[in-house]
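So you can see what is in the structure, the chains are spelled out below.
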There are 2 protein chains.
Amino acid sequence: VEIQNVAILGLGLLGGSLGLAIRQRKLATNIVGWSHREITRLGAIDRGAIDEGQPTPQDAVRNADLVIICTPVGIIPKLLEQIAPALRPTTIVTDVGSTKHTIVTAGDKVIGPVAKFVGSHPVAGAEKQGISAARETLFDNALCITTPTQHTDQAALKTVEQFWAALSMRLTRLSPTEHDHILSDISHLPHLIAAAVVMMQEERALKMAGSGFKDTTRIAAGDAGLWRDIFVDNRFAVIRSLDRALAHLRDFRTALQANDGNKIEAMLKVASDRRKDMSS
Amino acid sequence: VEIQNVAILGLGLLGGSLGLAIRQRKLATNIVGWSHREITRLGAIDRGAIDEGQPTPQDAVRNADLVIICTPVGIIPKLLEQIAPALRPTTIVTDVGSTKHTIVTAGDKVIGPVAKFVGSHPVAGAEKQGISAARETLFDNALCITTPTQHTDQAALKTVEQFWAALSMRLTRLSPTEHDHILSDISHLPHLIAAAVVMMQEERALKMAGSGFKDTTRIAAGDAGLWRDIFVDNRFAVIRSLDRALAHLRDFRTALQANDGNKIEAMLKVASDRRKDMSS
């Protein structure tokens, strides 16, 4: 991948880490960054995540060959509208949002007529937020899902995939809707459930929690505002995932109430075998 | 703590790790071990977790000053009956079971008249099982809950607590019932929920799961048979814990269906703030 100018919109954990990774691998000659707060832009320059900051998203994207949107999911559609007039026809716009249907629909509609849009979701993140938590290794070996549609420019898709591959990411393609259903199952629902497990605890019990509890609930420490956007946008898929989880929990409840040890063990064994098949 | 002879009944992860830790800290002059399988006893000797193996629990405890039962929870009451006739009046018996009411009731009744019984629960473990996974550091800095009753010999309680403290464990006391309620909340229910989250996944989705999912579901890889015993024994408390978690999940569902972003964010924030207050 050879890119002259990259613009990163949103300079939190993902945007900051992306700038660091691009610089380390020399994937661009110039990295322009935008965040609505000046102190964040200065912090990103200070950490070496961007070469220069711009006070508006339009200014940031003006000379960009590749624009990567790394803001919270909820504001991406509006941001696409804001930057569209400032793009050149050859500019490729992508994003790192954790939901894809709404964003890609907006991208095809708003960016499609004036430039190129490709939806991406690098499945990387952490409980800690902000530029201070950014690290150049965040994307290494993680999965990146691209979500092309019938409107997606094939050359732009290829460039975007080469870009993520150059960051040592593993690539896969899904439709935006498939993406949202799968991520609901493996990411959004587990987050909701971890939050519920924390919420139900009494203070005294929390003090006695061990490493298993901490592992199980670590994701619940994630930023409530970022996750609100994800849940609101993907709520129909999350409700479906939740209903499937609730069915299993009700099966457990029935087996507990019936004191049916064989049934409990059989259910636990299905889960244990499947989880053992994954890497730790 | 100065103990001549320790007997460890059950030589899996916990029993094996206990033997290694006792030996490393020179807390006993002789460690006798029992497991129903000879190959496990030989393996424990081979790993240095015990000095000698005995083919029956009675033989193993005959000269013991301290007996520590490390078998699955479900067989502990029966094992207490088996060893009772072989104990000396000064012998202290404790256990490492993850549930306490049933075990301590049996201990008070069966061991109380002939020796001393103190219930313990060192809150340490891992997904991996067996003597091959044993390590001498398993108990370091972990919490150990002792569960004395009105029948507990105070000197024996003190000796048992000194023993766990000598393994660098942090100590706390709870009644057996309090213990079972708290552990239901922070350990048994999270295990059940992690299992449900794994069970509801489609194969294709599992392949895309990232580190967050793996953290959240790691405990579900635990041994189904061991956990069956825990759930059967503590089922009433687990049902109560489950109902509280289900109430929070239903609140989430209602908020999702109402597209109530403020409510979702407020709930996530409670969880996030509480989880951030814990160490990672």
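Structural data are supplied above this passage.
Residues numbered from 1 in each chain as written. Chains lettered and ligands numbered in written order. Predicted model: local features only at pLDDT ≥ 70, side-chain atom pairs only at ≥ 80, totals over all residues. Heavy atoms only, no water.

**Q** Can you explain the overall build of chain A? Please cite residues and give values.
**A** The helix and strand tally for chain A stands at 12 helices and 9 strands. For 280 residues, the compact-globule estimate of 2.2 N^0.38 gives 19 Å, and the C-alpha radius of gyration of chain A, at 21 Å, lies within 12% of that figure. In terms of its C-alpha atoms, chain A occupies a principal-axis envelope of roughly 65 × 40 × 30 Å. In chain A, which comprises 280 residues, the share counted as buried stands at 56%. As presented, chain A carries roughly 11,300 Å² of accessible surface, and 49% of it is formed by carbon and sulfur atoms. Of note, chain A has its 32 positive side-chain charges centred 2 Å away from the centre of its 30 negative side-chain charges. (Helix = DSSP H or I, 4+ residues; strand = E, 2+ residues; numbered from the N terminus. Rg over C-alpha atoms; globule rule 2.2 N^0.38 Å. Buried < 20%, exposed > 50% of the residue type's maximum accessible area, 1.4 Å probe, protein only. Areas by Shrake-Rupley, 256 points an atom, 1.4 Å probe, with all protein chains shown as cover. Lys, Arg positive; Asp, Glu negative; His and termini not counted. Charge placed at Lys NZ, Arg CZ, Asp CG, Glu CD.)

**Q** Account for the sheet that holds strand β7 (residues 120-122) of chain A, with residues named and values stated.
**A** Residues and elements named next belong to chain A. Across the sheet, which stays open at both edges, the 3 strands sit in the order β7-β8-β9 with mixed pairing between neighbours. Because the sheet does not close on itself, it has two edges, and the strands there are β7 and β9 (170-173). In this sheet, adjacent strand axes meet at a mean angle of 20° when their direction is disregarded. Here 3 bridges tie β7 to strand β8 (residues 143-146), and the two strands are oriented antiparallel to one another. Along β8, the bridge assignment pairs proline 122 with cysteine 144. Seen against the sheet, helix α6 (residues 154-166) touches β7, β8 and β9 and runs at an angle of roughly 150° to β9. (Pairing = 2+ DSSP bridges. Axes fitted to C-alpha atoms, helices over the stretch in contact; angles between N-to-C directions. Contact = heavy atoms within 4.5 Å.)

**Q** Could you give an account of the packing of helix α11 (residues 235-257) of chain A against helix α12 (residues 261-277) of chain A, with specific residues and numbers?
**A** All names here are of chain A. One way to put it is that α11 packs onto α12 with a least axis distance of 8 Å and a crossing angle of 150°. As far as their axial angle goes, α12 and α11 are roughly antiparallel. Note on packing geometry: the crossing formed by α11 with α12 is left-handed. Here His248, Asp251, Phe252, Ala255 and Leu256 of α11 lie close against α12, whose contacting residues are Lys263, Ile264, Met267 and Leu268. (Parallel < 35°, antiparallel > 145°, perpendicular 65-115°, else oblique. Left-handed = near helix turned anticlockwise from the far one by under 90°.)

**Q** Give me the interface of chain B and chain A: which residues, what numbers.
**A** Contacts between chain B and chain A engage 76 residues on the former and 76 residues on the latter. Summed over both sides, the interface between chain B and chain A buries roughly 7,900 Å², with carbon and sulfur atoms accounting for 67% of that surface. At the boundary of chain B and chain A, one finds 10 salt bridges. Ionic pairing is found between arginine 228 of chain B and glutamate 265 of chain A, a salt bridge with its closest N-O pair at 2.7 Å. Inspection of the region where chain B meets chain A yields 33 residue pairs in polar contact (both at pLDDT 80 or more). At the level of elements, β8 (143-146), α7 (176-199), α8 (203-206), α9 (211-217), α10 (224-233), α11 (235-257) and α12 (261-277) of chain B are the ones that each hand at least two residues to the side of chain B that touches chain A. Tallied by class, residues from the side of chain B that touches chain A come to 41 nonpolar, 17 polar and 18 charged. (Buried area = accessible area lost by both parts, 1.4 Å probe. Salt bridge = Lys/Arg side-chain N within 4 Å of Asp/Glu carboxyl O. Polar contact = N/O pair within 3.5 Å; in protein donor to acceptor, adjacent residues only side chain to side chain. Nonpolar A, V, L, I, M, F, W, Y, C, P; charged D, E, K, R; others polar.)

**Q** Give me the lowdown on the relation of the copies chain B and chain A, citing residues and values where you can.
**A** In this arrangement, two copies of a chain are superimposed by a rotation about an axis accompanied by a shift along the axis. Take chain B, turn it by 180°, move it 0.0 Å along the axis, and it overlays chain A with an RMSD of 0.0 Å. Read as a symmetry element, the transformation amounts to a two-fold axis. When each C-alpha of chain B is compared by its distance to the rotation axis, threonine 216 of chain B comes out closest, at 1.9 Å. Interface overlap between copies is the fraction of interface residues in one copy that are interface residues in the other; for chain B against chain A it reaches 100%, indicating a shared surface. (Least-squares fit on C-alpha atoms with pLDDT ≥ 70 in both.)

**Q** Explain the nonpolar core to me, using residue names and the numbers behind them.
**A** Membership of the largest hydrophobic core comes to 131 residues, with the highest contact counts inside it found for Val67 and Ile111 of chain A together with Val67 of chain B. Setting aside anything within four residues of it in sequence, one finds valine 67 of chain A in contact with Ala7, Leu9, Val61, Ile83, Leu87, Thr91, Ile92, Val93 and Thr94 of chain A. Counting 37 residues, the second-largest nonpolar core is a separate cluster that includes Ala21, Ile31, Ile131 and Leu138 of chain B. (Core = buried A, V, L, I, M, F, W, Y, C linked by side-chain atoms within 4.5 Å.)

**Q** Could you give me a rundown of the environment of leucine 249 of chain A, with the residues and numbers involved?
**A** Assignment of secondary structure puts leucine 249 of chain A in helix α11. Separated by 191 residues in the primary sequence, leucine 249 of chain A and glutamine 58 of chain A place their C-alpha atoms 49 Å from one another. Residues in contact with leucine 249 of chain A, not counting those within four places in the same chain, are Leu192, Ile193, Ala196, Leu242, Leu246 and Leu249 of chain B.

**Q** Let's hear about the pattern of salt bridges: which residues, and what values?
**A** A full pass over the atoms with the stated rule returns 30 salt bridges over all chains. The partner of arginine 218 of chain B in a salt bridge is aspartate 215 of chain B, with the nearest N and O atoms 3.0 Å apart. Overall, aspartate 215 of chain B belongs to the buried group, its relative accessible area being 15%. Salt bridges sharing partners connect three or more residues here, namely Asp215 and Arg218 of chain A together with Asp215 and Arg218 of chain B.

**Q** Talk me through the packing of aromatic side chains; I want residue IDs and the actual numbers.
**A** Scanning the model with the defined rule gives 6 aromatic pairs over all chains in all. Aromatic pair tryptophan 227 of chain A and phenylalanine 231 of chain A: ring centres 5.8 Å apart, planes at 40°, arrangement tilted. Remark: phenylalanine 231 of chain A and tryptophan 227 of chain A occur in helix α10 (residues 224-233); sequence separation between them is 4 residues, near one turn of the helix. Look at tryptophan 227 of chain A and you get buried, because its relative accessible area is 16%. Given a relative accessible area of 0%, phenylalanine 231 of chain A falls into the buried group. An angle of 45° between the planes, with centres 6.2 Å apart, marks the rings of phenylalanine 139 of chain B and tryptophan 164 of chain B as tilted. (Phe/Tyr/Trp six-rings, centres within 6.5 Å; stacked < 30°, edge-to-face > 60°.)

**Q** Got a sec to walk through the pairing of strand β2 (residues 28-34) of chain B? Specific residues and values, please.
**A** Residues and elements named next belong to chain B. Counting buried residues in β2 gives 6 out of 7 residues, a clear majority hidden from the surface. In terms of strand pairing, strand β1 (residues 3-9) meets β2 through 6 bridges, oriented parallel. Paired with valine 6 across the strands is isoleucine 31, a residue of β2. Running through helix α1 (residues 13-24), the crossover from β1 to the neighbouring parallel element β2 is right-handed. Strand direction decides the pairing type here: β2 and strand β3 (residues 52-54), joined by 3 bridges, are parallel. (Right-handed = clockwise from strand over helix to strand, strands pointing away.)

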